[in-house]
Amino acid sequence: MTTEREKSPRRGMCAAIVSMEGLAVALATPVMISIGGVPAGLALPLGLGFFVACIVVAGLLRRPWAYWLGWALQVVAIGMGFLLPVMFVVGVIFAFLWGMADFLGRKIERERAAAFEAFDQILAEESTGEESEPR
């Protein structure tokens, strides 16, 4: 069972963003076919394959290199704008959200690590009976 210290806000936020992105692109697949005029033989594997890739990446985010796969998915999503121009906008929005989740997740993890370290220090001082100097 994972403890509170082992939970990763970065992983949770990035997994949520990439999962929603996959769903948005999968739902855009019929739009690519009907409005964008993209052949079904291209739109279906691309849209549904992107969805599956997003879900796989969301599951792989326990590994640091998977975040680079997430960035690659952002490039692919923006690139879909060449098939359906509105995907430029959707891709950029999700790339921004992915970047913010990655950046803020790292920041939160650093701050949590510092807070847990300070907490551990306080507990260690209390257990040894030492009085810490006021700051």
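Here, the structure is the one placed above.
Here's a quick rundown of the structure. Just so you know, these numbers come straight off a predicted model, no measurement behind them.

1. Quick word on the nonpolar core
Phase 1: Phe50, Leu61 and Trp98 are the most contacted members of the largest nonpolar core, which has 24 residues in total.
Phase 2: Of all the elements in the fold, those that place two or more residues in this core are α1 (9-34), α2 (40-60), α3 (66-79) and α4 (86-128).
Phase 3: Among the elements that take part in this core, α1 stands out by supplying seven residues, more than any other.
Phase 4: Those residues in contact with tryptophan 98 that sit more than four places away from it in its chain are Cys14, Ile17, Val18, Leu61, Tyr67, Gly70, Trp71 and Gln74.

2. A word on α1
Phase 1: A rise of 1.5 Å per residue sets the reference length of α1, with its 26 residues, at 38 Å; its end C-alpha atoms lie 39 Å apart and thus fit the reference within 8%.
Phase 2: Taken as a whole, α1 carries its principal kink of about 30 degrees at alanine 28; the proline proline 30 stands between one and four residues after it.

3. Section: the packing of α2 against α3
Phase 1: Running from amino to carboxyl end, α2 crosses α3 at an angle of 155 degrees, the nearest separation of the two axes being 9 Å. Considering the angle they form, α2 stands roughly antiparallel to α3. You can see that α2 and α3 cross each other, and the crossing is left-handed. Each of Phe50, Ala53, Cys54, Val57 and Leu60 in α2 lies in contact with α3, whose residues at this interface are Ala66, Leu69, Gly70, Leu73, Val76 and Ala77.
Phase 2: Counted by class, the contact of α2 with α3 contains ten nonpolar, one polar and no charged residues.

Criteria and cut-off values
Residues numbered from 1 in each chain as written. Predicted model: local features only at pLDDT ≥ 70, side-chain atom pairs only at ≥ 80, totals over all residues. Heavy atoms only, no water. Core = buried A, V, L, I, M, F, W, Y, C linked by side-chain atoms within 4.5 Å. Buried < 20%, exposed > 50% of the residue type's maximum accessible area, 1.4 Å probe, protein only. Helix = DSSP H or I, 4+ residues; strand = E, 2+ residues; numbered from the N terminus. Contact = heavy atoms within 4.5 Å. Expected span 1.5 Å × (residues − 1). Bend = angle between axes of the 7 residues up to and from the residue. Axes fitted to C-alpha atoms, helices over the stretch in contact; angles between N-to-C directions. Parallel < 35°, antiparallel > 145°, perpendicular 65-115°, else oblique. Left-handed = near helix turned anticlockwise from the far one by under 90°. Nonpolar A, V, L, I, M, F, W, Y, C, P; charged D, E, K, R; others polar.

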